[in-house]
Amino acid sequence: CTYPATTKQQTPKNNMSDDHEPRRRWNRRNSDGAAWGGENSTNNNNTDDHRTRSYYREPVQISAEFRERIAAAARASIVTLATFSLLVFSGQEVLPVAWIGNVFAISVLKPTLGGTFLSARDVFVPMIPVALISWAVSAALSVSSTEVYRIVLPFVVALAAMVVFLCPWPHLTMKNLMLLIFYLVVSNPLSLKNVATEDVSSSIQDIGPFFVPALVGTICIGLLVSLLVHVVMMKFARSTTASRQVLILMRQVSHETNQLLLSLTRYMQSIGKDSDVARQARTLIDYHTRRRSRIIKRLVDYLPAMRTESKLGLSNEGIDIDAIEAFAACAKKQQKHAELVQAATTQTLLGEDYTSKNSHVREVKEIISENLGYVLERLALEYSKSETVFFFINASKEDKEQIIHDLQHSMDEYLQAMRQAIHDAEALLQNNDDASRSTAGPMIRVRVTFLALFSFIHELRDVVSATKATTDKSDKVAETAIARLLSCLKMKWLWKDISKRRLATKTAVGLSLASLWVSIRYLNGHLAYTQGVWVGVTVASISLETTGAAYTKALDRLWGTLIAAAYSLFVAKVFHVNAIAKLLVLTLITFISTLFSNPNRPYASRYAATSVGSILYGSFDNKMLVDDYVPTRIMLIFVGVTIFLFVEVIIFPRSSRTIVQAQTVQLFEDLEQFFYQSSKSCSAISSVSGKDEESNDNFVDPLWMLRHGHKEVDVTSSLKDSVSAVKKTFALAKVEMRPGTLEPSLGM
């Protein structure tokens, strides 16, 4: 951190006038964390001298996360306001159930235009065939008698759940939403017919023959509103296009890379000379490596949205998609080498002596610093110039060739300096066993750092060479729609996947049990009052693959329902039937819920925001007062959650914690086999020579093992199998770790 230089005309502290107000200082030691603290006098005489006051008020910092939350909340609230305005004031007789359009609009809304389009496409493409199939099934069941409809419905929805969750088609990604649409269309007619008394039945309006097209139209309006919000933002300087975000992230990755190289340069120049500076540099290396990893992850996540915007002609002009993808691929490869540099510079090997405690270690580090310090500084400078020329500015061909030549020259200098540093260090340690043992750790870490850094720079060199060699590339033949359809039909269904089969089976059982609240006349007419579909809607919404995730989503749905119910009762009591006031309070709750949402569990906030609209306008659709609609809604959501958790925990029990425990123990056994196979392969390395036979010098090329030596080492198939076993075991334990922490704990 750098601080601004002080001016020469500062007022001396002792000559401060009585009228001058001292700078307010945050009293961190006595802070109680209050946002609006008072002030306390530090004067022992308890006088009112304002020069001795210390202020408790913490400084307010507007972080980037807060700005992103404000922007996301503003987009969500605008989408809610526009969706309900279009659907409500256009007349719900034409497009019914306006709240469903808002649910889908909020569900597909993403931070970027391209991401929102991809989410909307994932909803729209499978929605059309699902709606047509459900419409046909509903029409066929409606032709039959009510008794047959009641008997067949649980089996129909169970079969639909099996088909939806076992379908391998790539566009069927939002399977819970598709199952929800199918269940609404198929069960709604019976829910309105199957009423206990004739008086209630005569007061309920039938959904009509065109309910499904109207439902699809309502959902499409919600999807269009989400897209239009981003399209309108393109007219402003801070647009929400993915291409703009990608360019910002590229600059951030480049900045973190330069800071990482500068920190490593500072580390190499100070080892053995200034331990304090070296420790600071190690901390910066660790910080910039971790931050670079997070930014690269966001950059890679935005690439599909950027490609979509480019195909739609909505991206910024002058953007080279191929160059951006090459930059992202290069950054991902470099990150592996950066993490190796981080491990080699920030961690100490077991038994390694510190510089201040061992003169041999200090001498070796001084030799390495003298040989590599300033050479590394020139290499970092040439890398920064090369990255800027090839990815951030439009340079001429001659300039690019010159930059590549300079970068290669710096890499050769660095390679020669490293060879010289190793040679000088080994000459110092020759015939000194004690020095060799004490300096083994620093020598290993320096070699690893060098290899990782050289590979880091070489990744950019390879990308530039590949880009230069593939300037004339042939376009791929576009696959036709018929060919894509045939390829989808040939895909194997997911029945052999144990986790997918369990998910489909438990959803089918839970949904068939939930449909009894529509099929059984007493439950639907007396208890649910024609709203029995909410039990099945709840089961279709919270069905997830793991027990922990499903349990957490079920609790979030209950909390969201309670918050939405309380807010809806308040709105109904205060504003009565004022349509404009309803829209404004819906916009407000959407803004607040999005602003205070938990990134790890956003479903509760999103469901609370969308449930307010479904309660206010759902009661209007069913000609019920909000006071009567809310208790029934809470009861049915609770019943749906209870049914699914009963199926999840009792009928199909599965514990992610058990899997984590088993795979953790298995990991140690796999590691034991890996170490045994590694020792057999490593024992052969000592017999491999690393000297260059074509040259006359005695230098050992530090990159010889990476380039040529590994070919002479016999790597058996047993070693490869042990590596694969370790990766597989660790990956499975890592996937099940978070669901295991979310599972309900009963001490079993």
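On a predicted model such as this, the values are computed, not experimentally measured, just so you know.

Draft legend 1. Spotlight on the overall build of the chain. Regarding its fold elements, the chain presents 26 helices and 2 strands. For the chain, the proportion of its 748 residues judged to be buried stands at 45%.

Draft legend 2. Spotlight on the environment of A328. By the secondary structure assignment, A328 is in helix α10 (residues 321–346). Sequence-wise, A328 and V300 are 28 residues apart; in three dimensions their C-alpha atoms are separated by 6.6 Å. Apart from residues lying up to four places away in sequence, A328 is in contact with L299 and L303.

Draft legend 3. Local environment of the packing of helix α3 (residues 113–143) against helix α5 (residues 175–193). Interhelical geometry of α3 versus α5 gives an angle of 25 degrees and a closest axis separation of 8 Å. In this view, α3 runs roughly parallel relative to α5, as classed from their interaxial angle. For the crossing formed where α3 meets α5, the hand is right-handed. On the side of α3, the interface is formed by V123, P126, M127, V130, S134, W135, V137, S138, L141 and S142, while α5 contributes L177, M178, I181, F182, V185, V186, P189 and K193. For the contact of α3 with α5, the class distribution of residues is 14 nonpolar, 3 polar and 1 charged.

Draft legend 4. Up close: the pattern of salt bridges. Enumeration according to the criterion identifies 17 salt bridges in this entry. Ionic pairing is found between R121 and D122, a salt bridge with its closest N-O pair at 3.7 Å. When its relative accessible area of 16% is taken as the criterion, D122 is described as buried. Residue R150 pairs with E147 through a salt bridge whose shortest N-O separation is 2.7 Å. Note that R150 and E147 are positioned in helix α4 (residues 146–166) at a spacing of 3 residues, about one turn of the helix. Of the residues examined, R150 reaches a relative accessible area of 21% and is grouped as partly exposed. Through salt bridges with shared partners, a single network forms among R502, K506 and E648.

Draft legend 5. Molecular detail of α3. Between its terminal C-alpha atoms α3 stretches 44 Å, which fits the 45 Å expected from 31 residues at 1.5 Å a residue. At M127, α3 is deflected by roughly 35 degrees, the largest bend along its length, and proline P129 occurs up to four residues later in sequence. Near the N-terminus of α3, the side chain that reaches the backbone nitrogen of G115, with its oxygen 3.1 Å away, is that of T112.

Draft legend 6. Region of the structure containing the packing of aromatic side chains. Summed over all chains, the structure comprises 9 aromatic pairs. Measuring from centroid to centroid gives 5.9 Å for F327 and F392, while their planes differ by 75 degrees, and the two rings are edge-to-face. With F327 in helix α10 and F392 in the loop between α11 (359–391) and α12 (397–429), this pair connects stretches of sequence that are 65 residues apart. We note that F327, like F392, is buried. Ring-pair connections join several aromatic residues into one group, and the members of that group are F327, F391 and F392.

What counts as what
- Residues numbered from 1 in each chain as written.
- Predicted model: local features only at pLDDT ≥ 70, side-chain atom pairs only at ≥ 80, totals over all residues.
- Heavy atoms only, no water.
- Helix = DSSP H or I, 4+ residues; strand = E, 2+ residues; numbered from the N terminus.
- Buried < 20%, exposed > 50% of the residue type's maximum accessible area, 1.4 Å probe, protein only.
- Contact = heavy atoms within 4.5 Å.
- Axes fitted to C-alpha atoms, helices over the stretch in contact; angles between N-to-C directions.
- Parallel < 35°, antiparallel > 145°, perpendicular 65-115°, else oblique.
- Left-handed = near helix turned anticlockwise from the far one by under 90°.
- Nonpolar A, V, L, I, M, F, W, Y, C, P; charged D, E, K, R; others polar.
- Salt bridge = Lys/Arg side-chain N within 4 Å of Asp/Glu carboxyl O.
- Expected span 1.5 Å × (residues − 1).
- Bend = angle between axes of the 7 residues up to and from the residue.
- Polar contact = N/O pair within 3.5 Å; in protein donor to acceptor, adjacent residues only side chain to side chain.
- Phe/Tyr/Trp six-rings, centres within 6.5 Å; stacked < 30°, edge-to-face > 60°.

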